[in-house]
Amino acid sequence: MRVTVVWASAPRTVQEVALDLPDGATVAQALAVTGWDLGPLDARPGGLATSVWGRRVTPDTPLREGDRLELTRPLRVDPKVARRERFQRQGARAAGLFARTPKR
């Protein structure tokens, strides 16, 4: 079976590899075949998460033909906090939902 493994090792850096695996191969087996030096998934701060097409999976999850296995790093900033800070910086002068409209 053919699966794709994708890993964003750093911001704006994506590694992708297509693998031919035997039927019934697991997530852990696919990661071992990539040859990437990931170490134990839980050893990194925050740990790497594994998902198939965006849905979290465990290392013992069997893969299917055409799956896209994704390795994701933990978020560094809460998206809600980042949006709030971005809005405070740009203020109401920018176009968008909260832009001021001229009085008539």
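Residues numbered from 1 in each chain as written. Predicted model: local features only at pLDDT ≥ 70, side-chain atom pairs only at ≥ 80, totals over all residues. Heavy atoms only, no water.

You'll find the protein chain entered in an unreviewed UniProt entry as UPF0125 protein Tfont_00050, with Tepidimonas fonticaldi given as the organism. Checking UniProt for the protein chain, the heading Sequence similarities (unreviewed entry) contains the comment "Belongs to the UPF0125 (RnfH) family." (UniProt positions renumbered as here; feature names shortened; annotations may be inferred.)

1. Observations regarding the overall build of the protein chain
Broken down by element type, the protein chain carries two helices and five strands. The secondary structure elements of the protein chain, listed N-terminal to C-terminal, are β-β-α-β-β-β-α. Relative to its full complement of 104 residues, the protein chain shows a buried share of 27%. A total accessible area of about 8000 Å² is found for the protein chain, and carbon and sulfur atoms account for 52% of it. (Helix = DSSP H or I, 4+ residues; strand = E, 2+ residues; numbered from the N terminus. Buried < 20%, exposed > 50% of the residue type's maximum accessible area, 1.4 Å probe, protein only. Areas by Shrake-Rupley, 256 points an atom, 1.4 Å probe, with all protein chains shown as cover.)

2. Structural notes on the pattern of salt bridges
Tallying each qualifying case throughout the model produces two salt bridges. We note a salt bridge from Arg2 to Asp20, for which the minimum N-O separation is 3.0 Å. Of this pair, Arg2 sits in strand β1 (residues 2–10) while Asp20 sits in strand β2 (residues 13–20), and the two are 18 residues apart along the sequence. On the basis of relative accessibility, which here comes to 41%, the residue Arg2 falls in the partly exposed class. Arg68 serves as the salt-bridge partner of Glu70, at 3.0 Å between the closest nitrogen and oxygen. Its relative accessible area of 16% is what places Glu70 among the buried residues. Its relative accessible area of 28% is what places Arg68 among the partly exposed residues. (Salt bridge = Lys/Arg side-chain N within 4 Å of Asp/Glu carboxyl O.)

3. Notes on the pairing of β2
Pairing between β1 and β2: seven bridges, direction antiparallel. When the sheet's bridge partners are listed, Val3 is paired in β2 with Leu19. (Pairing = 2+ DSSP bridges.)

4. Section: the environment of Leu48
Residue placement: Leu48 occurs in the loop between α1 (27–34) and β3 (49–52). Separated by 41 residues in the primary sequence, Leu48 and Trp7 have C-alpha atoms spaced 9.8 Å apart.

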